[in-house]
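Reading the structure
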Amino acid sequence: LPGLCPGEGPVGRLLDSIWDASGKIASTASVLVGWLRAEAFGGKPDMRWADPYDTAFDLVSRWRSVPSASAATLSLEEPEQRFIACFDPSWLFIALNSLVRIASAHSGPGDSVGVSLSSGSGYWSIQVENSGRGIPTAELPALFKSRSGTGPSIQASGLEIPLARRFTEAMGGTIAV
C-alpha cells in the first residue's frame, strides 16, 4: 500500500516513530525488571556452569529482532575457543544488555557495537565496544555513582551502568570502562 512502507510519507514516518518508541519502551522495561529482580532476590545470583557465549548470542539475537533507535550495527565475535564458566545466565544477560544499550546510545549511523568474549588462566571477560563518539571523558568518573544517570550525554535511562556493575559484582566479577 502506498504510504504505508516504513519511511514513506507521513503515515510511514509515523509508523517508524511508533516502531522506534516501542523498542525504547521494551529496553527500558528490561532494565527496570532487572532492578526488581535484584531487589526481589536480595542480590543473590543463581550461579551455574554454562557457556557465556550462549548468553551473549541470545542477547544479540534479541537486539537484532527488536526495533532500536540506534542506527549502529550490533555484532558478536565468537571466541577462538568456547568455554564454560560459573555465572548466572539471566543476570549476565541483563548486565550485558545494559552495556550494549549504553554503547548503542553513544553510537550513530554507520557506527558499530561489538560484543566479544575471551578467557585466560582462571578468568574470562566480555567486552562491549562501540565505534561511535563514546561517553565524554568528563562523565567517566561518575558512571558508577548514581542511579539517576551520569549527565546529559547519556541517552538511555541512567540505570544501565549501575545495574551492570551490581550484577557483575554479585557474580564475583569486575566492570571497567
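The sections below set out a description of the structure shown in this document. Quantities reported herein were computed from a predicted structural model and do not represent experimental measurements.

**Here's the deal with the overall build of the chain**
For the chain, the helix and strand inventory stands at four helices and five strands. Helices and strands appear in the chain in the N-to-C order α-β-α-β-β-α-β-β-α. Here the chain holds 177 residues, and the buried ones make up 40% of them. Of the roughly 9,900 Å² of accessible surface on the chain, a fraction of 58% belongs to carbon and sulfur atoms.

**Structural notes on the packing of aromatic side chains**
How two aromatic rings sit relative to each other is set out by the distance from centre to centre and by the angle between their planes. In the structure shown here, the tally under the stated rule is four aromatic pairs. A ring pair is formed by Trp-91 and Phe-167, whose centres lie 4.1 Å apart and whose planes are at 20°; its orientation type is stacked. Pair noted here: Trp-91 is in helix α3 (residues 89-105) and Phe-167 is in helix α4 (residues 160-170), with a separation of 76 residues, a long-range link. Using a relative accessible area of 1% as the deciding quantity, one classes Trp-91 as buried.

**A short note on α3**
The terminal C-alpha atoms of α3, which comprises 17 residues, lie 24 Å apart, in line with the 24 Å expected from a rise of 1.5 Å per residue. Of all 17 residues that make up α3, 15 are buried, and the element is covered over most of its length.

**Points about the sheet that holds strand β5 (residues 123-130)**
Strand pairs in the sheet, formed through backbone hydrogen bonds, run parallel or antiparallel to each other. Taken in spatial order, the three strands make up an open sheet running β2-β4-β5, and their pairing is mixed. The sheet is open, and its two borders are formed by β2 (73-77) and β5, each paired with just one other strand. The sheet shows a mean angle of 15° between the axes of neighbouring strands, taken without regard to direction. Looking at chain direction, strand β4 (residues 112-120) and β5 are connected through eight bridges and run antiparallel. Residue pairing across strands places Ser-118 opposite Ser-125, the latter belonging to β5.

**Considering the pattern of salt bridges**
Per the stated rule, a full pass over the model turns up six salt bridges. With a closest N to O distance of 2.7 Å, Asp-54 and Arg-82 form a salt bridge. A residue pair is termed long-range when its members are at least 10 positions apart, and Asp-54 in helix α2 (residues 52-65) and Arg-82 in the loop between β2 and β3 (85-87) qualify at 28 residues. For Arg-62, the salt bridge is made with Asp-58, and the minimal N-O distance between the two is 3.2 Å. With Arg-62 and Asp-58 both in helix α2 and four residues apart, this pair spans about one turn of that helix. Assessed through its relative accessible area of 47%, Arg-62 is described here as partly exposed. With relative accessibility at 30%, the residue Asp-58 sits in the partly exposed group.

The rules we used
Residues numbered from 1 in each chain as written. Predicted model: local features only at pLDDT ≥ 70, side-chain atom pairs only at ≥ 80, totals over all residues. Heavy atoms only, no water. Helix = DSSP H or I, 4+ residues; strand = E, 2+ residues; numbered from the N terminus. Buried < 20%, exposed > 50% of the residue type's maximum accessible area, 1.4 Å probe, protein only. Areas by Shrake-Rupley, 256 points an atom, 1.4 Å probe, with all protein chains shown as cover. Phe/Tyr/Trp six-rings, centres within 6.5 Å; stacked < 30°, edge-to-face > 60°. Expected span 1.5 Å × (residues − 1). Pairing = 2+ DSSP bridges. Axes fitted to C-alpha atoms, helices over the stretch in contact; angles between N-to-C directions. Salt bridge = Lys/Arg side-chain N within 4 Å of Asp/Glu carboxyl O.

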